Amino acid sequence: MKLLLHNRSMLPGVILTIVFAGAAIVSLVWVPYDITILNIADRMKTPSLIHPFGTDQFGRDILSMIMVGARTSIAVALVAVGIGMLAGVPLGLAAAARRGSLPDEIIMRTNDLVFAFPSLLIAVMITAVFGASALNAIIAIGIFNIPVFARLTRGAALTLWSREYIMAARVAGKGPARISVEHILPNVTNLLIVQGTIQFSLGILAEAGLSYVGLGAQPPTASWGRMLADSQTMISLAPHLALFPGLAILLTVLGLNLLGDGLRDLLDPKLRRART
């Protein structure tokens, strides 16, 4: 708690993250209204006590849809970041351990190739083959995350391979793989946690963008991006249709970025010494 009080930017990030994560968890067992039931008589109702965020063009409760949409966005972003970490971190460690060698060049040039294709373009290619779905959005975002974590891990690991304790481990007979796991990985974990938080926020933004253009979650699955896409033709008649899902995306991404900045300040030894 003292750390949160000293880092003022982290506290609102924690609060916003908890709010939306809590909404996603609660939606697993309860939502105010069933979003699969259409009620045309209540279509495009403005916010009220009965419907705090109003209703959409099909009479569905927007608050309920945002809660379910939070579950969709968090699940897609979380799995995509997990794919990026599970594949990217070992590649980065291997490249650093074999720096300057052919495997290092192959890994890094492959990363450059993936970076040349944005996640939206990757999603278009995957969709052209397998069709639009939340699973394909996860694959597209996950593929784009792999070179991010590979580059970060390699860069951080390279600065550690010249340290004295690494030289001592090599003298003791430890191989590159064992040194990477036992000595390098624990010392880059802080950076990976911070980057994971940032990529998580970008994953939510990417999922919303893919759903907005019809490449992400498909109906009847609720998605913030699809809610925005469905509301764009009626924004002049019922602006709340776009206002609340837009705010949900904005506040969630803002909260995660603030959380990531706060974690960086807390976990960076240089910044920690500067505060003391």
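Everything numeric in this text was worked out from a predicted model, so none of it was measured. Numbering of residues begins from 1 in every chain and follows the order in which that chain's sequence is written. Local features in a predicted model are, by the rule used here, given only for residues with pLDDT of at least 70; side-chain atom pairs are given and counted only at 80 or more, and totals for whole chains, interfaces and linings are based on all residues. As a convention, hydrogens and water are excluded, and side-chain values are obtained from all of the structure's heavy atoms.

### Some thoughts on the nonpolar core
- As used here, the term nonpolar core means buried Ala, Val, Leu, Ile, Met, Phe, Trp, Tyr and Cys residues forming a set that is joined through side-chain atoms within 4.5 Å. Classification of residues uses two cut-offs on accessible area relative to the type maximum, computed with a 1.4 Å probe and protein chains only: under 20% is buried, over 50% is exposed, and between them is partly exposed. Residues Ile66, Trp161, Ile184, Phe200, Ile204 and Trp224 are the most contacted members of the largest nonpolar core, which totals 40 residues.
- Labels follow the DSSP assignment, with helices taken as runs of H or I lasting at least four residues and strands as runs of E lasting at least two, numbered in each case from the N terminus. Among the secondary structure elements, those contributing two or more residues to this core are α2 (10-26), α3 (62-97), α6 (134-160), α7 (164-171), α8 (176-212), α9 (224-231) and α10 (240-267).
- The greatest single-element share of this core, amounting to twelve residues, is contributed by α3.
- By definition in these notes, contact holds between two residues if any of their heavy atoms fall within 4.5 Å. Each residue touching Trp161, except ones within four places of it in the same chain, is listed here: Ala96, Ala97, Arg99, Ile166, Arg170, Pro176, Ile179, Ser180 and Ile184.
- Counting twelve residues, the second-largest nonpolar core is a separate cluster that includes Ala80, Ile122, Ile126 and Ala206.

### Quick word on a nonpolar patch on the surface
- Each patch is assembled from residues with relative accessible area greater than 30% and no salt bridge, linking like charges that lie within 9 Å and nonpolar side chains (Val, Leu, Ile, Met, Phe, Trp, Tyr) that lie within 5 Å. The accessible surface values rely on the Shrake-Rupley method and a 1.4 Å probe; as for residues, cover is taken only from the protein chains in view. In what follows, salt bridge is the name for a side-chain nitrogen of Lys or Arg lying within 4 Å of a carboxyl oxygen of Asp or Glu. A contiguous nonpolar surface patch, about 690 Å² in accessible area, is contributed by Leu113, Phe117, Leu120, Leu121, Val124, Met125, Tyr212 and Val213.
- Looking at the nonpolar patch, the element that brings in the most residues is helix α5 (residues 119-130), giving four residues.
- If you trace the backbone, Tyr212 turns up in helix α8.
- A relative accessible area of 38% means that Tyr212 is categorised as partly exposed.

### Thoughts on empty space enclosed by the protein
- A cavity, in this analysis, means grid points on a 1 Å lattice covering only the protein atoms where a 1.4 Å probe fits yet has no way out; a pocket is instead an open set bounded by protein on both sides within 12 Å along at least five of seven lines, and a residue lines either one if it has an atom within 4 Å of a point. Grid points are joined across faces, edges and corners, and a volume is the space filled by probe spheres set on the points. Tallied over the full model, the rule gives one cavity of 30 Å³ or more.
- The volume enclosed by the largest cavity comes to roughly 80 Å³.
- What lines the largest cavity is simply Asp56, Gln57, Arg60, Ile62, Met65, Met227, Asp230, Ser231 and Leu241.
- At the level of elements, α3 and α9 are the ones that each hand at least two residues to the lining of the largest cavity.

### A few points about the confidence of the model for the chain
- Each residue carries a pLDDT value, the predictor's own confidence for that position, ranging from 0 to 100. With 93% of its residues at a pLDDT of 70 or more, the chain has an overall mean of 88.
- In the model of the chain, helix α1 (residues 2-6) stands out as the element of lowest mean pLDDT, 50, in contrast to α3, which has the highest, 94.

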